[in-house]
Amino acid sequence: MLLDTYGRVATDLRVSLTDRCNLRCTYCMPEEGLQWLAKPQLLTDDEIVRLVRIATTDLGVTEVRFTGGEPLLRPGLTSIVARCAELEPRPKMSLTTNGIGLERTAVALREAGLDRVNVSLDTLDPETFQRMTRRKRHTDVLRGLAAAREAGLAPVKVNAVLMPGLNDQEAPELLAWALREDYELRFIEQMPLDAQHGWQREGMITAGDILASLRTRFTLTPEGQEERGSAPAERWLVDGGPQRVGVIASVTRPFCRACDRTRLTADGQVRTCLFATEESDLRGALRGGASDAQIAALWRKAMWGKKAGAGIDDPSFVQPQRPMSAIGG
Ligand code: SAM
Ligand code: SF4
């Protein structure tokens, strides 16, 4: 298994399939000027499936989430999902996406074996959407969400980041909409992972702010900590339940002690944390002819070096070189 020196075991693998994207969310990417990974640097579909196989059969990974950049931009996505669905033991598979194009692909992805999706949507207002993502694609996201629900990729979760002065007033409205549409809404605190290094602790919308805003309209009852397990979202029953809302408070209430993640970037580097400053090169090993056992050993060694926590709220915190879009959120 993948064990670290603090006794944590990684069973949840995040695989980034590309660093490219068709949106330019201000908290993630600059308008222009990001250097993309060159094609030869990217893992091939075969390499990805091989690494997922090693992770699931040799290293105890039970859940795989495909992400990016925008994973729907990867031409081989459906076939990667289908091939991973044939692995023994079969991992649970989900996708984190901005939803653009999901309208066309949701059924095929479901048939290939995808279990769930998380779609990112920060606002119900098309103009605010355009300000936040620098693109006019709001309707595409809404259509993608509806298609995911109809395809049975349930529960469909919606990820929202609140930004001061842009959509910070929208939390109750977003929740009312999600309840109506039967999506499970989760707010994510903005983290220092933007390529421009523009994140500021002062002024960021905290979990406390979000909950206070939601409580102006809804009664929230905390779900037991046992139920949270290693899931990063703290969840609340809304107006007595059964529908819920989650808050992922990576900055103000980090969950590092219960972390069960390991990450693979689109260019084949293992990262033990979003905020890791070191990576371990699996692509070099793959292409140098390493055996499955040797690759598994490299991955175990990387995990053993996992730090206790991300420490975003600590004065000594240093933002990683790679932005969120290149790590895989
Ligand atoms: N493009 C896909 C999407 O947007 O869902 C997948 C990749 S994106 C990097 C994954 C998630 O990270 C999204 O929900 C996005 O809102 C979130 N994200 C990106 N930058 C972030 C930041 N600086 N702080 C918090 N969440 C961020
Ligand atoms: Fe693209 Fe997702 Fe980053 Fe937005 S958050 S720019 S959709 S990778």
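For the chain, an unreviewed UniProt entry supplies the name GTP 3',8-cyclase and the organism Streptomyces smyrnaeus. Heading Function (unreviewed entry) of the UniProt record for the chain holds this comment: "Catalyzes the cyclization of GTP to (8S)-3',8-cyclo-7,8-dihydroguanosine 5'-triphosphate." Within the UniProt record for the chain, the comment given under Subunit (unreviewed entry) is "Monomer and homodimer."

A. The arrangement of the nonpolar core in detail. Within the largest apolar cluster, 105 residues are counted, with the highest numbers of intra-cluster contacts made by Val15, Leu51, Phe66, Leu185, Phe187, Val245 and Trp299. In terms of residue count, helix α6 (residues 171-181) provides more of this core than any other element does, seven residues in total. Here phenylalanine 66 is in contact with Val15, Leu17, Pro71, Ile80, Val81, Cys84, Met93, Ser94, Leu95 and Thr96, once residues within four sequence places are set aside.

B. Geometry of the packing of aromatic side chains. Here the structure, examined in full by the defined rule, presents two aromatic pairs. Judged by centre distance (5.6 Å) and plane angle (70°), the ring pair of phenylalanine 275 and phenylalanine 317 falls under edge-to-face. Taken together, the residues span a long stretch of sequence, with phenylalanine 275 in the loop between β13 (269-271) and β14 (280-281) and phenylalanine 317 in the loop between α10 (292-304) and α11 (324-327) at a distance of 42 residues. With relative accessibility at 10%, the residue phenylalanine 275 sits in the buried group.

C. Focus on the packing of helix α1 (residues 45-57) against α10. One can describe the packing of α1 onto α10 by two numbers: an axis separation of 10 Å at closest approach and a directional angle of 70°. As judged from the angle between their axes, α1 and α10 are roughly perpendicular. For the pair α1 and α10, the contacting residues are Arg50, Leu51, Arg53, Ile54 and Ala55 in the first and Asp292, Ile295, Ala296 and Trp299 in the second. For the contact of α1 with α10, a count of residues per class yields six nonpolar, no polar and three charged.

D. Focus on the sheet that holds strand β9 (residues 220-222). The sheet built from 12 strands is open, its strands ordered β9-β10-β11-β8-β7-β6-β5-β4-β3-β12-β13-β14 with mixed pairing. Unpaired on one side and paired on the other, β9 and β14 mark the two borders of the sheet. In this sheet, β14 lies alongside β13 in antiparallel orientation, the contact comprising two bridges. Each bridged residue has a counterpart across the sheet, and for valine 270 the counterpart in β14 is serine 280.

E. Representation of the site of ligand 2 in the model. Cys21, Leu23, Cys25, Cys28, Gly69 and Asn98 make up every residue found near ligand 2. For the shell around ligand 2, the per-class residue count stands at four nonpolar, two polar and no charged.

F. Main features of the site of ligand 1. Not every one of the 18 residues close to ligand 1 is listed here, only the nearest: Tyr27, Gly69, Glu70, Ser120 and Met191. In the environment of ligand 1, a nitrogen atom lies 2.9 Å from a nitrogen or oxygen atom belonging to the backbone of tyrosine 27. Threonine 97 places a main-chain nitrogen or oxygen 3.2 Å from an oxygen atom of ligand 1. Elements that contribute at least two residues to the shell around ligand 1 include exactly β5 (92-97) and β7 (157-161).

G. The arrangement of helix α5 (residues 138-151) in detail. Between the first and last C-alpha of α5 there are 20 Å, a value that for 14 residues agrees with the 20 Å anticipated at 1.5 Å per step. All of the buried residues in α5 are His138, Val141, Gly144, Leu145, Ala146, Ala147, Ala148 and Ala151. Each element contacted by the buried residues of α5 is listed here: α3 (102-112), β6 (116-120), α4 (126-133), β7 and α6. Trailing α5 by a residue or two, glycine 152 shows a phi angle of about 85°, which is positive.

H. Representation of helix α7 (residues 207-215) within the structure. When we look at burial in α7, the residues that qualify are Ala207, Ile210, Leu211, Ser213 and Leu214. With its buried residues spanning 160° around the axis, α7 presents them on a single face.

I. Structural view of the UniProt feature "binding site: GTP" (unreviewed entry) in the chain. Per the UniProt annotation, the sites labelled "binding site: GTP" (unreviewed entry) are Arg14, Arg65, Thr96, Lys157, Arg261, Thr262 and Arg263. Locating lysine 157 in the fold gives a position in strand β7. In this view, lysine 157 contacts Arg116, Val117, Asn118, Val119, Glu184 and Arg186; residues no more than four positions away in its chain are not counted. Residue classification places arginine 263 among the buried positions, given a relative accessible area of 5%. Not counting residues up to four positions away in its chain, the partners in contact with arginine 263 are Leu13, Arg14, Gln269, Val270, Arg271, Cys273, Leu274, Ile327, Gly328 and Gly329.

J. Molecular detail of unusual backbone geometry. The residue after alanine 154, namely proline 155, is reached through a cis peptide bond having omega -5°. Tracing the backbone shows proline 155 in the loop between α5 and β7. Along the chain, glycine 241 connects to proline 242 via a cis peptide bond; the corresponding omega equals 5°. Turning to its location among the elements, proline 242 is positioned in the loop between β10 (234-238) and β11 (244-248). A positive phi angle, close to 60°, is found at arginine 134, a residue other than glycine. Its location among the elements puts arginine 134 in the loop between α4 and α5. With relative accessibility at 23%, the residue arginine 134 sits in the partly exposed group. With a phi angle near 65°, aspartate 182 is a residue other than glycine that sits in the positive phi range. Its place among the elements puts aspartate 182 in the loop between α6 and β8 (184-188).

How each quantity is defined
- For every chain, the first residue of the written sequence is number 1, and numbering continues from 1 along that sequence.
- Chains and ligands are labelled by the order in which they are written, letters from A for the one and numbers from 1 for the other.
- Under the rules for a predicted model, residues below a pLDDT of 70 receive no local features and side-chain atom pairs below 80 are neither given nor counted, while totals for whole chains, interfaces and linings still include all residues.
- Hydrogen atoms and water are omitted, and side-chain values are computed over all heavy atoms in the structure.
- UniProt positions are given in the numbering used here, feature names are shortened, and annotations may be inferred rather than shown by experiment.
- By nonpolar core we mean a set of buried residues, namely Ala, Val, Leu, Ile, Met, Phe, Trp, Tyr and Cys, connected to one another through side-chain atoms within 4.5 Å.
- Note on exposure labels: buried denotes an accessible area under 20% of the residue type's maximum, exposed denotes more than 50%, and partly exposed covers the range between, all computed with a 1.4 Å probe on protein chains only.
- Secondary structure follows DSSP: runs of H or I at least 4 residues long count as helices, runs of E at least 2 residues long count as strands, and numbering of each begins at the N terminus.
- Throughout, a contact is declared for two residues whenever any of their heavy atoms are within 4.5 Å.
- When the centres of two rings from Phe, Tyr and Trp lie within 6.5 Å, Trp using its six-membered ring, the rings pair. Their planes under 30 degrees apart give stacked, over 60 give edge-to-face, and anything left gives tilted.
- Angular values range over 0 to 180 degrees, each being the angle between N-to-C directions of two axes fitted as lines to C-alpha atoms, with helices fitted over their stretch in contact.
- Just so you know how the angles are binned, under 35 degrees is roughly parallel, over 145 roughly antiparallel, 65 to 115 roughly perpendicular, and the rest oblique.
- Put simply, Ala, Val, Leu, Ile, Met, Phe, Trp, Tyr, Cys and Pro go in the nonpolar bin, Asp, Glu, Lys and Arg in the charged bin, and everything else, Gly too, in the polar bin.
- Any two strands with at least two DSSP-identified bridges between them are counted as paired.
- Definition of nearness: a residue and a molecule or strand are near each other if at least one heavy atom of the residue lies within 4 Å of the molecule or strand.
- Pairs of N or O atoms are called polar contacts if they sit within 3.5 Å, as long as, within protein, a hydrogen donor faces a hydrogen acceptor (for residues adjacent in sequence, only side-chain-to-side-chain pairs).
- Multiply 1.5 Å by the residue count of a helix minus one, and that product is the helix's expected span.
- By construction, the arc corresponds to the directions joining the helix axis to the C-beta atoms.

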